[in-house]
Amino acid sequence: MTDLLSALRDAIGDEHVLTEEADISPYAADWRGAYRGTPLAVARPSSTNEVAAVVRLAHEAGVAIVPQGGNTGMCGGAIPSGDGSQIVLSLGRLRAIRSVDAAGGTITVEAGVVLAEVQTAAAAVDRLFPLSLGSEGSCTVGGNIATNAGGTAVLRYGMMRSLVLGLEVVLPDGRVWDGLRSLRKDNTGYDLTQLYIGAEGTLGIVTAAVLTLHPATPARATAWVALPSVAAAASLLPLLREYAAERLTTWELVARPALDLVVDAGLQDPLASDAEWFGLIELAGPFGASVDDDLERALGAAVEQGLVLDAAIAGSPAQRAGLWALRERVSEAQESLGPTIKHDVSVPITSLDELVADLGVSLADALPGIRPIIYGHVGDGNLHYNLSRPVDLDGADFVAHTDALSKIVHDATAALGGSISAEHGLGSGKAAAAAAYKSEVEVDLMRAVKDALDPAGLMNPGKVLS
Ligand code: FAD
Ligand code: 2HG
Ligand code: ZN
C-alpha cells in the first residue's frame, strides 16, 4: 500500500492524497452520519487525466475505488467500507464549465461542478437547466448522473437521464471513453451513456458531461393548497394538466405532520387549515405566458370538484420562496425528531392512497406511536415515506427496527407494482432489498453488465449489487 500511495502522490501531487484522520474524516461519513467507513486514502485529482492515473494505479494494485461528489447521497453510495481497504476518489476539483452553447441548447461541464453552478451558467445565457433538488447548492453533476437524480421538476423535464446527451468516463482499468457528444439522435448501437447514468459509480467514473439546456421560464405561478385526501392529490394531476398542459412543472405533497415540523422550525403556514394533506403547485412558462390565469382557472375547477379545500397563491418572489420552503425544508426539519428511517418509494399514482392507507395501519401495528413523516413528488407517484421514533423510544432502539419496518414499507410498495427506490438509488443501504424484489433474470442481467464492464470488481464494490 505504501507503494500505491507514493505512486498516487507522484501522479496528482502530495497534498491531494489525504491519509491523516482529520483530513479524511469529512469523506468517511455521509451528511446524516447514517453511513460511516474508513478510507485507505482520499485522492483528489483535478483533471480527467489525473482521474485516469489514480484509477489505473489502483487497478494495478487491486485496490477498490469509491467515487464521491458532493456527498449528499441518501443511501451510503459514496462511503467506503469500514476495513480501510478502499480509496475515496473525490471529484471535487474537476470544476470547469468547459463550454456553453445557447443556440444549440447544451452545456458541457466537469463532474465536480455543483448543480446550482450549472443552473446559474444556464441562466446567464437565458436558458434553463431544469434539474432541481433541495441539495442543489452542494450536490455535483457527477453525483446527479451517477444517481439519476429526480427532484421537483421531473413531471415536466424528466430525471437526470433525460437531461444528459453525452459523457466522458474513466473506465475501471484507467482508459478514458470520450462519449462527449451533443447529438439529439444517435442510433449507433448500445446506449452506453444511459448505462452509466444511475450506475452509482459501479461501472466507471464520470468525469464530464454534455447536458441539455431548455428555454428559460421567467413566468412562474405558485400555489400552496390544502387537500381532502391523497386520492384528491392524485386526481388533481390530470386536472392541472388539462389547464396548464406542459407548463405544469411541479406537483408536490406534504402531510400535516411534515408541515407541522417546518412550521415548528419557524416557517409561516399560509393557510389556517385543519386539513391533513397539503401540496405545492408550480406552473412555469416563457416571458408573458398566462401562467397566473391558468393556475387560477385550474384551482377554481379543483375547488368546484372538491379536490382542493383552500389555496394560497404567491403574490411576490418572497412569497413564492416561502411556499417552496414549506416543502423543501421537510427533510432537514425531520432530523430534529432523532434518527430517520428513510423510504423513497414510487407506485402508480392512482395507487398512492391505497399505499398510504395500508401503511398507516401496518406500521402503527408493528410499532405503536411511530411517526410517519410523509411528503414527496406526488406528480411522479413518488413518496418519501419517512419514519421517526415514538416519543418514548430511544433513537438507537428505534433504528434497531429498521429492517422490519422497511420490509413492511417495501412489501406494500411491491404489492402495488412499485419501486423501493424511486430517485435516491441503492448505494449500500438498499442494494440487498432491491435484489429481493427483482426477478432472478433481472438480477442476472445486472450482474452480467457489472462483470463485463468491471471484471475485477474494483468500482464501488457492494453498491447497487450487494
Ligand atoms: P454523492 O453523494 O457524492 O454520491 C452519490 C453516488 O454517486 C455514490 O454512489 C457515488 O459513488 C456516485 N458518484 C458521485 N460522483 C460520481 C462520479 N463523478 N462518477 C461516478 N459515480 C459518482 N435526490 C433526488 O434524486 N431528488 C431530490 O429531490 C433530492 N433532494 C435532496 C435534498 C437534500 C436536502 C439532500 C441532502 C439530498 C437530496 N437528494 C435528492 C439526494 C442527493 O442530493 C442526490 O442523490 C445527488 O444526486 C447526489 O449528488 P452528490 O454529488 O452529492 O453525490
Ligand atoms: C426530497 O424530496 C429529497 O426532499 C429528500 O429527496 C428526501 O430526505 C429525504 O428522505
Ligand atoms: Zn425527493
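These figures come from a predicted structure and were not determined experimentally.

Participant: Outline the sheet that holds strand 16 (residues 344-346), supporting the account with residue identities and numerical values.
Facilitator: In space, the seven strands of this open sheet follow the order 15-12-14-13-17-18-16, with antiparallel pairing throughout. Strands at the two margins of the open sheet, each flanked by one partner only, are strand 15 (310-313) and strand 16. Neighbour to neighbour, the strand axes of the sheet diverge by 20° on average, direction disregarded. Relative to strand 17 (residues 371-377), strand 13 (residues 248-255) runs antiparallel, the two sharing two bridges. Bridge assignment links L253 to a residue of strand 17, and that residue is G376. Most of the contacts of helix 11 (residues 317-328) go to strand 12 (residues 219-227), to which it runs at about 50°, and overall it touches strand 12, strand 13, strand 14 (277-285), strand 15, strand 17 and strand 18 (382-388). Packing of helix 13 (residues 352-366) onto the sheet brings it into contact with strand 14, strand 16, strand 17 and strand 18, and relative to strand 18 it is tilted by some 15°.

Participant: How would you summarise the nonpolar core if you had to cite specific residues and measurements?
Facilitator: If you look at the biggest cluster of nonpolar residues, it comprises 51 residues, and the most contacted ones within it are L227, L236, W251 and I281. Listing elements by their share of this core, those giving two or more residues are strand 12, helix 8 (230-244), strand 13, strand 14, helix 10 (291-304), helix 13, strand 18 and helix 15 (402-415). In terms of nonpolar packing, the next biggest core, distinct from the first, is built from 31 residues, A121, F129, V164 and I197 among them.

Participant: How would you explain the side chain of H424 if you had to name every residue and give the values?
Facilitator: You can see H424 is positioned in the loop between helix 15 and helix 16 (431-436). A distance of 3.5 Å separates a polar atom in the side chain of H424 from a polar atom in the side chain of E423.

Participant: Describe in detail a nonpolar patch on the surface, supporting the description with residues and values.
Facilitator: On the surface, a cluster of nonpolar side chains totalling about 350 Å² of accessible area is made up of Y190, L192 and L195. By secondary structure assignment, the location of Y190 is in the loop between strand 9 (176-179) and helix 7 (192-196).

Participant: Please provide a residue-by-residue account of the site of ligand 2, values included.
Facilitator: If you check the shell around ligand 2, you find M74, R327, S331, K342, Y375, H377, H384, N386, E423 and H424 and nothing else. Interatomic distance of 2.5 Å between a side-chain N/O atom of K342 and an oxygen atom of ligand 2. Between ligand 2 and H377, the relevant distance is 3.0 Å, taken from an oxygen atom to a side-chain nitrogen or oxygen of the residue. When ligand 2 sits alone it has 300 Å² of accessible area, and the protein chains cover 87% of it. For the shell around ligand 2, the secondary structure elements donating two or more residues are strand 17 and strand 18. Each residue belonging to the shell around ligand 2 can be placed in one class, and the counts come to two nonpolar, five polar and three charged.

Participant: Lay out the packing of aromatic side chains with the relevant residues and their values.
Facilitator: Across all of its chains, the model carries two aromatic pairs by this definition. Ring geometry for W224 against F278: centres 6.0 Å apart, planes inclined by 10°, an arrangement best described as stacked. With W224 in strand 12 and F278 in strand 14, this pair connects stretches of sequence that are 54 residues apart. Comparing W224 with F278 shows no difference in burial state: the two are buried.

Participant: Lay out the coordination of the zinc ion (ligand 3) with the relevant residues and their values.
Facilitator: At the metal site, the zinc ion (ligand 3) is ligated by H377 (NE2), H384 (NE2) and E423 (OE), and these contacts range over 1.9 to 2.1 Å. Between the donor residues of the zinc ion (ligand 3), the gaps in sequence give the motif H-x6-H-x38-E. Assessed through its relative accessible area of 4%, H377 is described here as buried. Exposure remark for H384: the relative accessible area of 5% places this residue in the buried category.

Participant: I'd like a rundown of helix 11, residues and numbers included.
Facilitator: In this model helix 11 runs 16 Å from its N-terminal to its C-terminal C-alpha over 12 residues, within 8% of the 16 Å that 1.5 Å per residue would give. Turning to helix 11, its buried residues are R320, L323, W324, A325, L326 and R327.

Participant: Outline the site of ligand 1, listing residues and values.
Facilitator: Taken together, 35 residues surround ligand 1, and among them P67, G69, T72, S135 and T140 come closest. Measuring from an oxygen atom of ligand 1, one finds a side-chain N or O atom of T147 at 2.9 Å. Between ligand 1 and the protein, one listed contact pairs an oxygen atom with a backbone N or O atom of G150 at 2.9 Å. Computed on the free molecule, ligand 1 has an accessible area of 980 Å², of which 94% lies beneath the protein chains in the complex. The residue makeup of the shell around ligand 1, split by class, is 12 nonpolar, 21 polar and two charged.

Participant: Tell me about the environment of S162, residues and numbers included.
Facilitator: Here S162 is to be found in the loop between helix 6 (154-157) and strand 8 (164-170). Separated by 264 residues in sequence, S162 and L426 have C-alpha atoms that sit 20 Å apart. Looking at S162, its side chain comes within polar contact range of the main-chain oxygen of Y157, at 3.0 Å.

Participant: Tell me what's going on with the packing of helix 13 against helix 15, and back it up with residues and numbers.
Facilitator: Where helix 13 meets helix 15, the axes come as close as 10 Å, and the angle between the chain directions of the two elements is 155°. In terms of orientation, helix 13 and helix 15 fall into the roughly antiparallel class. Note that helix 13 runs across helix 15; the crossing there is right-handed. Each of L355, L359, S362, L363 and A366 in helix 13 lies in contact with helix 15, whose residues at this interface are L405, I408, V409, A412 and T413. Here the contact of helix 13 with helix 15 is composed, by residue class, of eight nonpolar, two polar and no charged.

Participant: How would you explain the packing of helix 8 against helix 10 if you had to name every residue and give the values?
Facilitator: A pair of packed helices can be characterised by two numbers: the angle between their axes and the separation between those axes. Interhelical geometry of helix 8 versus helix 10 gives an angle of 140° and a closest axis separation of 9 Å. Judged on the interaxial angle alone, helix 10 and helix 8 are oblique. The chirality of how helix 8 crosses helix 10 is right-handed. Judged by residue contacts, L236, L239, L240 and Y243 of helix 8 engage D294, R297, A298, A301 and A302 from helix 10. The class makeup of the residues in the contact of helix 8 with helix 10 is seven nonpolar, no polar and two charged.

So, how was this worked out
Residues numbered from 1 in each chain as written. Chains lettered and ligands numbered in written order. Predicted model: local features only at pLDDT ≥ 70, side-chain atom pairs only at ≥ 80, totals over all residues. Heavy atoms only, no water. Pairing = 2+ DSSP bridges. Helix = DSSP H or I, 4+ residues; strand = E, 2+ residues; numbered from the N terminus. Axes fitted to C-alpha atoms, helices over the stretch in contact; angles between N-to-C directions. Contact = heavy atoms within 4.5 Å. Core = buried A, V, L, I, M, F, W, Y, C linked by side-chain atoms within 4.5 Å. Buried < 20%, exposed > 50% of the residue type's maximum accessible area, 1.4 Å probe, protein only. Polar contact = N/O pair within 3.5 Å; in protein donor to acceptor, adjacent residues only side chain to side chain. Patch = residues over 30% accessible without salt bridge, like charges linked within 9 Å, V, L, I, M, F, W, Y side chains within 5 Å. Areas by Shrake-Rupley, 256 points an atom, 1.4 Å probe, with all protein chains shown as cover. Salt bridge = Lys/Arg side-chain N within 4 Å of Asp/Glu carboxyl O. Near = heavy atom within 4 Å. Nonpolar A, V, L, I, M, F, W, Y, C, P; charged D, E, K, R; others polar. Phe/Tyr/Trp six-rings, centres within 6.5 Å; stacked < 30°, edge-to-face > 60°. Donors = N, O, S within 2.8 Å, 3.2 Å for Na, K, Ca; no water. Expected span 1.5 Å × (residues − 1). Parallel < 35°, antiparallel > 145°, perpendicular 65-115°, else oblique. Left-handed = near helix turned anticlockwise from the far one by under 90°.

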